[in-house]
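# Structural features, examined
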Amino acid sequence: MHGYTHIPEILAGRDAYPASLFICPGSCSRPRGGFPASVGFIELEAGRVRAARVESLDGEVLLEMGK
C-alpha cells in the first residue's frame, strides 16, 4: 500500500514489480489527477489478498481487482 502520489492505482503481477500487488488509495483529503477524495480496501482470506478496491468517499468504486 502506497499513497505518495495521491492518485488511485491498483497494479498486480509484473506491473507491480518488485511487489506482487501495488495499491495506492489516492487521498481522502488532497486528491490529484482529477479523482475524487478516496480510500482503499483490501479483503483478505487465509492470509492472502482476495480483492482490493478504491472507493470515493461517496462509496463509488473507482478501481477494483479480484472478487
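Note that this is a predicted model, so its numbers are computed, not measured.

What follows is about the pattern of salt bridges. The final tally for this structure, using the stated rule, is four salt bridges. Residue Glu 43 pairs with Arg 50 through a salt bridge whose shortest N-O separation is 3.1 Å. Taking the relative accessible area as the measure of exposure, Arg 50 reaches 42% and is therefore partly exposed. One salt-bridge network, in which partners are shared between bridges, spans Glu 43, Glu 45, Arg 50, Arg 53 and Glu 55.

A separate point is the side chain of Ser 56. Take Ser 56: it is sitting in strand S4 (residues 48–56). Classification of Ser 56 as buried rests on a relative accessible area of 6%. Apart from the residues within four sequence positions on either side, Ser 56 is in contact with Pro 36, Ala 37, Ser 38 and Leu 62.

If a residue is not glycine, its phi is most likely negative; likewise, a peptide bond is most likely trans. Omega for the bond connecting Tyr 17 with Pro 18 falls within 30 degrees of zero, at 15°, which places this linkage in the cis form. Position of Pro 18 relative to the elements: it lies in the loop between strand S1 (9–12) and strand S2 (21–24). At His 6, a position not held by glycine, the phi torsion is positive, near 65°. Within the chain, Ala 46 stands out as a residue other than glycine whose phi angle is a positive 55°. Inspection of the secondary structure assignment puts Ala 46 in the loop between strand S3 (38–45) and S4.

Before going further, it helps to spend a moment on a nonpolar patch on the surface. A surface patch of nonpolar side chains, about 400 Å² in accessible area, is lined by Met 1, Ile 42, Leu 44 and Val 49. Mapped onto the secondary structure, Met 1 falls in the segment before S1. Given a relative accessible area of 60%, Met 1 falls into the exposed group.

Taken together, three strands build an open sheet; the order of strands is S3-S4-S5 and the sheet is antiparallel. A single partner strand is all that each edge strand has here, and the edge strands are S3 and strand S5 (61–66). Taking the axes of each pair of neighbouring strands and ignoring which way they run, one obtains an average angle of 15° across the sheet. Relative to S4, S3 runs antiparallel, the two being bridged by eight bridges. Paired with Leu 44 across the two strands is Val 49, which belongs to S4.

Reading the values: rules and limits
- Residues numbered from 1 in each chain as written.
- Predicted model: local features only at pLDDT ≥ 70, side-chain atom pairs only at ≥ 80, totals over all residues.
- Heavy atoms only, no water.
- Salt bridge = Lys/Arg side-chain N within 4 Å of Asp/Glu carboxyl O.
- Buried < 20%, exposed > 50% of the residue type's maximum accessible area, 1.4 Å probe, protein only.
- Helix = DSSP H or I, 4+ residues; strand = E, 2+ residues; numbered from the N terminus.
- Contact = heavy atoms within 4.5 Å.
- Patch = residues over 30% accessible without salt bridge, like charges linked within 9 Å, V, L, I, M, F, W, Y side chains within 5 Å.
- Areas by Shrake-Rupley, 256 points an atom, 1.4 Å probe, with all protein chains shown as cover.
- Pairing = 2+ DSSP bridges.
- Axes fitted to C-alpha atoms, helices over the stretch in contact; angles between N-to-C directions.

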